[in-house]
Amino acid sequence: SFPEDMSSFEGKYQFNAPISNEASFYEFFPYISGAHGVGVGVGSDQMLDMLVNSRLERLVCTDISAISITTTRLLLEAGAYYHRTFNRYPTPEEYVALFDSEHRALLLEALQERFPVEDGEVLEGVLTSTIRSHKSEEHSGKLYEYLNFKLRQKDYASWLSTPENLQRTLSLYEQGKISTL
């Protein structure tokens with residue numbers, strides 16, 4: 001069961017909680033590189049970065065904001081859609097291209113069946129609204145621009161920085177080991 005999966009061999013719960021919306025978020029990564037088990041956290045894609053900078057086997061992403069958690073799910077479903085459609089995982093560049101203005105309507109149409117009908121407006125809003133980066137206003141913009149920033153940033157390894165990181169993230173999601181609440 002889920003609580004047993006989170007517990008150590010002796011039945012004691014292990015809890016590590018680096019929490020940050022700050023630009024220095026990545027400074028925690030050396031401290032979690034050996035962390036394993038289940039990670040629980042908030043934010044649209046911060047936990048995906050924590051996943052690839054650790055040895056976590058499961059991830060639970062949640063947030064008080066429905067928009068934030070819908071964004072997380074949208075990011076994961078887009079990659080799973082690509083995998084189902086082309087029978088291979090996308091490169092980070094191919095993945096980010098799914099969100100450009102040329103492909104946005106097609107992506108939205110393809111993902112509609114994976115979300116409740118009432119989330120349709122939220123999905124469209126997530127794809128077209130402004131994202132505020134914790135890094136600086138310079139990196140704020142549409143989701144496509146934000147993902148391009150994540151692809152190029154050099155402060156730490158992101159879930160988009162290598163084909164292996166992206167594949168690991170998407171594979172764990174498809175296996176049901178990443179969930180959004």
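Bear in mind the structure is a predicted one, so any value in this text is a computation, not a measurement. Residue numbering note: each chain is counted from 1, following its sequence as written. In keeping with the model being predicted, local features are shown solely for residues with a pLDDT of at least 70 and side-chain atom pairs are shown and tallied solely at 80 or more, while totals for entire chains, interfaces and linings include all residues. Think of the side-chain values as coming from all heavy atoms in the structure, minus any hydrogens and water.

1. Description of the overall build of the protein
Part 1 of the reasoning: Looking only at helices and strands, one finds 9 helices and 3 strands in the protein.
Part 2 of the reasoning: Only DSSP runs of H or I reaching four residues or more are called helices, and only runs of E reaching two or more are called strands; each is numbered from the N terminus. Helices and strands in the protein line up, N terminus first, as α-α-β-α-β-α-α-α-α-α-α-β.
Part 3 of the reasoning: The classification of residues rests on relative accessible area computed with a 1.4 Å probe and restricted to protein chains. Under 20% of the type maximum is buried, over 50% is exposed, and intermediate values are partly exposed. Counting over 181 residues, the protein shows a buried share of 45%.

2. Some remarks on the confidence of the model for the protein
Part 1 of the reasoning: Summarising the model, the protein shows a mean pLDDT of 81, and 80% of its residues fall at 70 or more.
Part 2 of the reasoning: Mean pLDDT values over the elements of the protein span from 42, in helix α1 (residues 2-6), up to 97, in helix α9 (residues 163-174).
Part 3 of the reasoning: Per-residue pLDDT stays below 50 along residues 1-20; that stretch engages in 19 contacts with residues further than four places along the chain or on separate chains. Every residue carries a pLDDT, the predictor's confidence in it, which falls somewhere between 0 and 100. Any two residues whose heavy atoms approach within 4.5 Å are treated as being in contact.

3. Digging into the pattern of salt bridges
Part 1 of the reasoning: The term salt bridge refers to a pairing of a side-chain nitrogen on Lys or Arg with a carboxyl oxygen on Asp or Glu at a separation within 4 Å. Summed over the entire model, instances satisfying the criterion amount to 5 salt bridges.
Part 2 of the reasoning: The partner of R88 in a salt bridge is E94, with the nearest N and O atoms 2.8 Å apart.
Part 3 of the reasoning: Since its relative accessible area comes to 26%, E94 is described here as partly exposed.

4. Notes on the side chain of D45
Part 1 of the reasoning: You can see D45 is positioned in the loop between β1 (36-41) and α3 (46-52).
Part 2 of the reasoning: Definition of a polar contact: a pair of N or O atoms within 3.5 Å, with one able to donate and the other able to accept a hydrogen when the atoms are protein atoms, and with sequence-neighbouring residues admitted only if both atoms are side-chain atoms. Within the structure, D45 has its side chain in polar contact with the side chain of W159 (distance 3.0 Å).
Part 3 of the reasoning: For D45, the residues in contact, after removing those within four places along its chain, are L75, Y146, K150 and W159.

5. Digging into the sheet that holds strand β2 (residues 55-61)
Part 1 of the reasoning: One requirement defines pairing of two strands: DSSP has to find at least two bridges between them. Ordered by their spatial adjacency, 3 strands build an open sheet running β1-β2-β3, and the pairing between neighbours is parallel. Both outer strands of the open sheet, β1 and β3 (178-180), are each paired with one neighbouring strand and no more. On average, each strand axis in the sheet is tilted by 20° relative to the strand beside it, whichever way the strands run.
Part 2 of the reasoning: Pairing of β2 with β3 involves 3 bridges; the strand directions are parallel. Looking at β3, one finds that L59 is bridged to I178.
Part 3 of the reasoning: Axes here mean lines fitted to C-alpha atoms, for a helix over just the part in contact, with angles spanning 0 to 180 degrees between N-to-C directions. Of the strands in this sheet, β2 and β3 touch helix α4 (residues 66-86), which is tilted by about 140° from β3.
Part 4 of the reasoning: Against the sheet, α9 engages β2 and β3, with an angle of about 60° to β2.

6. A word on α9
Part 1 of the reasoning: Taking 1.5 Å of rise per residue, the 12 residues of α9 would be expected to cover 16 Å, and the 16 Å separating its terminal C-alpha atoms lies within 8% of that figure.
Part 2 of the reasoning: Restricting attention to buried positions, one finds in α9 the residues N165, L166, T169, L170, S171, L172 and Y173.
Part 3 of the reasoning: Elements that come into contact with the buried residues of α9 comprise α3, β2, α4, α5 (92-97) and β3.
Part 4 of the reasoning: One or two residues past the end of α9 sits G176, with phi positive at roughly 80°. For a helix, the expected span equals 1.5 Å multiplied by the number of residues minus one.

7. Observations concerning helix α7 (residues 120-128)
Part 1 of the reasoning: Every buried residue of α7 is accounted for by G120, L123, V126 and L127. Each buried residue of α7 sits inside an arc of 125° when the element is viewed along its axis, so together they form one side.
Part 2 of the reasoning: If you follow the buried residues of α7, they end up packed against α4, α6 (104-111) and α8 (143-152). The arc in question is the one traced by the directions running from the helix axis out to the C-beta atoms.

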